[in-house]
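# Structure assessment
Letter by letter, the chains look like this.
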There are 2 protein chains.
Amino acid sequence: MVQTYLRSLQDDICTQLEALDGGRRFREDLWEHHSGGGGRTRVLEGGDVFERGGVNFSAVEGDMTPKMLQVLQVAPRTDAPVRFTATGVSLVLHPRNPRVPIVHMNVRYFEMTDGTWWFGGGIDLTPIYVDQQDARSFHGVLRDACERHGADFYPAFKRWADDYFFLSHRAETRGVGGIFFDRLGDGEGFEFERRFAFLREIGDAFCPSYLPIVRKNKDLPYGQRERDWQSLRRGRYVEFNLVHDRGTKFGLETNGRTESILMSMPPHAEWKYDFRTEPGSPEEETQNWLRKGVDWG
Amino acid sequence: MVQTYLRSLQDDICTQLEALDGGRRFREDLWEHHSGGGGRTRVLEGGDVFERGGVNFSAVEGDMTPKMLQVLQVAPRTDAPVRFTATGVSLVLHPRNPRVPIVHMNVRYFEMTDGTWWFGGGIDLTPIYVDQQDARSFHGVLRDACERHGADFYPAFKRWADDYFFLSHRAETRGVGGIFFDRLGDGEGFEFERRFAFLREIGDAFCPSYLPIVRKNKDLPYGQRERDWQSLRRGRYVEFNLVHDRGTKFGLETNGRTESILMSMPPHAEWKYDFRTEPGSPEEETQNWLRKGVDWG
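The paragraphs below set out a description of the structure included in this document.

Reading the values: rules and limits
- Residues numbered from 1 in each chain as written.
- Chains lettered and ligands numbered in written order.
- Predicted model: local features only at pLDDT ≥ 70, side-chain atom pairs only at ≥ 80, totals over all residues.
- Heavy atoms only, no water.
- Pairing = 2+ DSSP bridges.
- Helix = DSSP H or I, 4+ residues; strand = E, 2+ residues; numbered from the N terminus.
- Axes fitted to C-alpha atoms, helices over the stretch in contact; angles between N-to-C directions.
- Contact = heavy atoms within 4.5 Å.
- Buried area = accessible area lost by both parts, 1.4 Å probe.
- Salt bridge = Lys/Arg side-chain N within 4 Å of Asp/Glu carboxyl O.
- Polar contact = N/O pair within 3.5 Å; in protein donor to acceptor, adjacent residues only side chain to side chain.
- Phe/Tyr/Trp six-rings, centres within 6.5 Å; stacked < 30°, edge-to-face > 60°.
- Buried < 20%, exposed > 50% of the residue type's maximum accessible area, 1.4 Å probe, protein only.
- Lys NZ or Arg CZ within 6 Å of the ring centre and 35° of its normal.
- Disulfide = S-S within 2.5 Å.

What follows is about the sheet that holds strand β2 (residues 37-45) of chain A. Residues and elements named next belong to chain A. Taken in spatial order, the seven strands line up as β1-β2-β3-β4-β5-β6-β9 in an open sheet, and their pairing is antiparallel. The sheet terminates laterally at β1 (27-32) and β9 (177-184), the two strands that pair on one side only. In this sheet, neighbouring strand axes are inclined to one another by 10° on average, regardless of whether the strands run parallel or antiparallel. Across 13 bridges, strand β3 (residues 50-63) lies against strand β4 (residues 83-95) in antiparallel orientation.

The next point concerns the interface of chain B and chain A. Counting residues at the interface gives 27 residues for chain B and 27 residues for chain A. Summed over both partners, the interface of chain B with chain A comes to about 2,700 Å²; 55% of that surface belongs to carbon and sulfur atoms. Among the residues chain B hides against chain A, the three largest losses belong to Glu259, Trp271 and Tyr273 of chain B. Together they make up 33% of the total. Inspection of the region where chain B meets chain A yields four salt bridges. Residue Arg27 of chain A is joined to Asp274 of chain B by a salt bridge in which the shortest nitrogen-to-oxygen separation is 3.1 Å. There are 17 residue pairs in polar contact (both at pLDDT 80 or more) connecting chain B and chain A.

What follows is about the packing of aromatic side chains. When we look at a pair of aromatic rings, we describe it by the centre distance and by the angle of the planes. For the coordinates displayed, the defined rule picks out 52 aromatic pairs over all chains. Plain terms: the ring middles of Tyr109 of chain A and Phe192 of chain A are 5.7 Å apart, the flat faces sit at 80° to each other, and that makes the pair edge-to-face. With Tyr109 of chain A in strand β5 (residues 102-112) and Phe192 of chain A in helix α5 (residues 192-217), the pair connects residues that are 83 residues apart, well separated along the chain. Accessibility expressed as a relative area gives 9% for Tyr109 of chain A, which makes it buried. Taking the centre distance of 4.1 Å and the plane angle of 10° together, the rings of Tyr164 of chain B and Phe180 of chain B count as stacked. Note that Tyr164 of chain B is positioned in helix α4 (residues 153-164) and Phe180 of chain B in strand β9 (residues 177-184), a separation of 16 residues in sequence. The buried category is assigned to Phe180 of chain B, whose relative accessible area is 5%. In this structure an aromatic cluster arises from ring pairing among Phe153, Phe157, Trp160, Tyr164, Phe165, Phe180, Phe181, Phe190, Phe198 and Phe240 of chain A. Taking the ring centre of Trp118 of chain A as reference, the NZ or CZ of Arg183 of chain A above it sits at 4.2 Å. When the ring centre of Phe190 of chain B is taken as reference, the NZ or CZ atom of Arg194 of chain B above it lies at 4.4 Å.

Below, the discussion takes up the state of the cysteines. All names here are of chain B. Evaluated as defined, the whole model comprises zero disulfides over all chains. Of all cysteine sulfurs in the structure, the one in Cys207 sits closest to Cys146, which takes part in no disulfide; the separation is 17 Å. Relative accessible area serves as the criterion here: at 0%, Cys146 is assigned to the buried category. Its sulfur unpaired, Cys207 is 9.4 Å from the next cysteine sulfur, which belongs to Cys14.

Attention now moves to the sheet that holds strand β1 (residues 27-32) of chain B. Residues and elements named next belong to chain B. Ordered by their spatial adjacency, seven strands build an open sheet running β1-β2-β3-β4-β5-β6-β9, and the pairing between neighbours is antiparallel. Lying at the two open borders of the sheet, with one neighbouring strand each, are β1 and β9. On average, each strand axis in the sheet is inclined to that of its neighbour by 10°, with strand direction left out of account. Sitting on the sheet, helix α5 (residues 192-217) is in contact with β3 (50-63), β4 (83-95), β5 (102-112), β6 (117-126) and β9, with an inclination near 15° to β6.

Another aspect to go through is the environment of Arg233 of chain B. All names here are of chain B. On the secondary structure map, Arg233 appears in helix α6 (residues 224-244). For Arg233 and Trp271, which are 38 residues apart along the polypeptide, the C-alpha to C-alpha distance reads 9.0 Å. Apart from residues no more than four positions distant in its own chain, Arg233 is found in contact with Ile128, Glu172, Arg174, Gln287 and Leu290. At a separation of 3.1 Å, a polar atom in the side chain of Arg233 contacts the side chain of Glu172.

Fair warning: the whole summary comes from geometry, so function is off the table for now.
Below is the structure:
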């Protein structure tokens, strides 16, 4: 049931992104996981709007290994061998125009044969140049989606995103945040059906939260200065994904499909030693927004 | 004593690299570590031969924290509070010409006030296009340096490098390897003086192992195809350093100086989904060399 929804979510998002891009279509690769199940990776490269992006569906299963128990920090409720199923949709889009933000979305469901289950996910926006109006409209859609399910969801999951999408080694957030949540299982009056309804709400909120921002900005002019800053910001995106992102680490450590995991990498990235933005520049203004606790709601 | 040697090693290597580059000089930044000591970071960007490179000296000290004990997997020999000193020279060079290999060298010394001490280090070569003669001359210099100190040093430390400089998520080595060693303390008939002599031998072997390869190849012609392949190989270098490299992880996790640690990043890197080399191409030939156990000695 969760898998059926997630497959149709992948289809729907890809259809809308292709229509918006106009230039390229997604390439699809079907693959099998070494321990069972598999995935449907879709990647678009060299598009008019999206320079590189991926929208992945996967549903893998297998025996819970000691490594997985350790990485997930979970203890089975039984002494018998336990199997798991993990399914989700993950996407990262790297637009060509530096006026269009990078975006990431993930919605996932995990269950073990001992009866443990949970949902998790998140959406976050990484502008190359922060446009306050865009950041507010993005958070507004996520806030509305959250509020239909719990009065405290948006503030709690917004704060969680600030803490999660954070480059501690740079003391800066990845972008203007969004929402992040994990291990939403039963309890607090929530059963499976209500949790699943929330996950669908978030999955369905992706297009309304992001596509209007793409449409508004995709034809804005830019030059080499903006592309250079984009290259450095993409370098930070690489740092976050390879150093901090739990999904990436977990995938690489448990022998996941590398090309599907690393579809999140930008087409191109740069590093400069000790780069400082010019005082009063638009780049400095963006840098100043990369902090926790900004009220975008 | 170790610090005196390492400072002069940094000076000597920088002088030779600047003379070879001809275009740019190293910029020097002095910095202090939050818990004591500090470093001397030297970075060169936009040179004629070296597009980006860093040669760092550091000597930091402080109290051994539970985090450090855990990361280093070491148990103090006393119940009293223990302090540490860690000193080393690290370098990574990203040449402009794809015919000149990327190189990395690290020599380091660690001691705690409980009497524990060890040396560690390594040198490894990452060609964009493998030139067998260059790989053999590089390994030859390292083998000779090792053999002056122990008959089994080269085979043991060459194998260690194959295992360490390995991208498990790609099932490929970073390049053609070199040597790697860690935790060389007392024991096996080796006291401090003999270990330190070996470290100096390795530090002093860097220039003779690498600079002749630079001189031989730096003016070879290349085009866009070679630069594109270089960009992808640099992407793999980024993956290794951020996902696997212990020094990078340790530095970022223990609040080290980020800009000094990440001087190892290339100036620029690219990712392409599911890139395959053309059958029979020079790129495929290089890809086929990226495996453990090749006898370059």
